[in-house]
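Results of the structural survey
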Amino acid sequence: MARRLGCTPNPAARSLRRAGTGVIGLHLPEILTRSEYYMSFVFDVVDQAATNRRASCCPSTSLPPLHR
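In this text, all values refer to a predicted model and were calculated from it rather than measured experimentally.

1. With respect to the overall build of the chain
Scanning the chain from N- to C-terminus turns up two helices and two strands. Counting from the amino terminus, helix and strand elements in the chain follow one another as α-β-α-β. Long-range pairs, those at least 24 residues apart, make up 58% of the contacts in the chain with a sequence separation of at least 6. Accessible area of the chain: about 6,300 Å², with a carbon and sulfur share of 57%.

What follows is the structure in structure tokens.
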């Protein structure tokens, strides 16, 4: 019935139901972004995530903090 009406699954609702988003998060400290080994690892993780249709998030601490 849902398909016949053109309904599609809501990704946000699915992640709530499954209690997980499937997102892979990596923290990139500024000092390690200069390491060829570490960055190679990060890019491999991002490539594998994309291959397996997973989202990846790589925040970096190299940006200056926001001032309020």
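Structure shown, so let's carry the discussion forward.
2. Some thoughts on the nonpolar core
With six residues, the main nonpolar core is built from L26, L28, Y38, M39, V42 and V45. Here V45 is in contact with I24 and L26, once residues within four sequence places are set aside.

3. Comments concerning helix α1 (residues 11-18)
Little of α1 is tucked away: zero of the eight residues are buried. In this structure N10 caps α1, since a side-chain oxygen of it lies 3.1 Å from the backbone nitrogen of A13. A positive phi of about 60° marks A19, the residue just after α1.

4. Details of the confidence of the model for the chain
Model confidence for the chain is summarised by a mean pLDDT of 79, while 87% of its residues fall at 70 or above. At the low end of the mean pLDDT range in the chain sits strand β2 (residues 56-57), at 76; at the high end sits helix α2 (residues 36-51), at 87.

5. Digging into α2
With 16 residues, α2 should cover 22 Å at 1.5 Å per step; its first-to-last C-alpha distance of 22 Å lies within 8% of that length. Those residues of α2 not exposed but buried are Y38, M39, V42, V45 and A49. Seen from one end, α2 has its buried residues packed into an arc of 120°, which puts them on one side. Exposed positions of α2 whose direction lies more than 90 degrees from the buried face are E36, Y37, F43 and T51. Buried-residue contacts for α2 involve β1 (24-25) and β2.

6. Focus on the environment of N10
By the secondary structure assignment, N10 is in the segment before α1. You can call N10 partly exposed: its relative accessible area is 43%. A polar atom in the side chain of N10 sits 3.1 Å from the backbone nitrogen of A13.

Parameters and conventions
- Residues numbered from 1 in each chain as written.
- Predicted model: local features only at pLDDT ≥ 70, side-chain atom pairs only at ≥ 80, totals over all residues.
- Heavy atoms only, no water.
- Helix = DSSP H or I, 4+ residues; strand = E, 2+ residues; numbered from the N terminus.
- Contact = heavy atoms within 4.5 Å.
- Areas by Shrake-Rupley, 256 points an atom, 1.4 Å probe, with all protein chains shown as cover.
- Core = buried A, V, L, I, M, F, W, Y, C linked by side-chain atoms within 4.5 Å.
- Buried < 20%, exposed > 50% of the residue type's maximum accessible area, 1.4 Å probe, protein only.
- Polar contact = N/O pair within 3.5 Å; in protein donor to acceptor, adjacent residues only side chain to side chain.
- pLDDT = per-residue confidence, 0-100.
- Expected span 1.5 Å × (residues − 1).
- Arc of directions from axis to C-beta.

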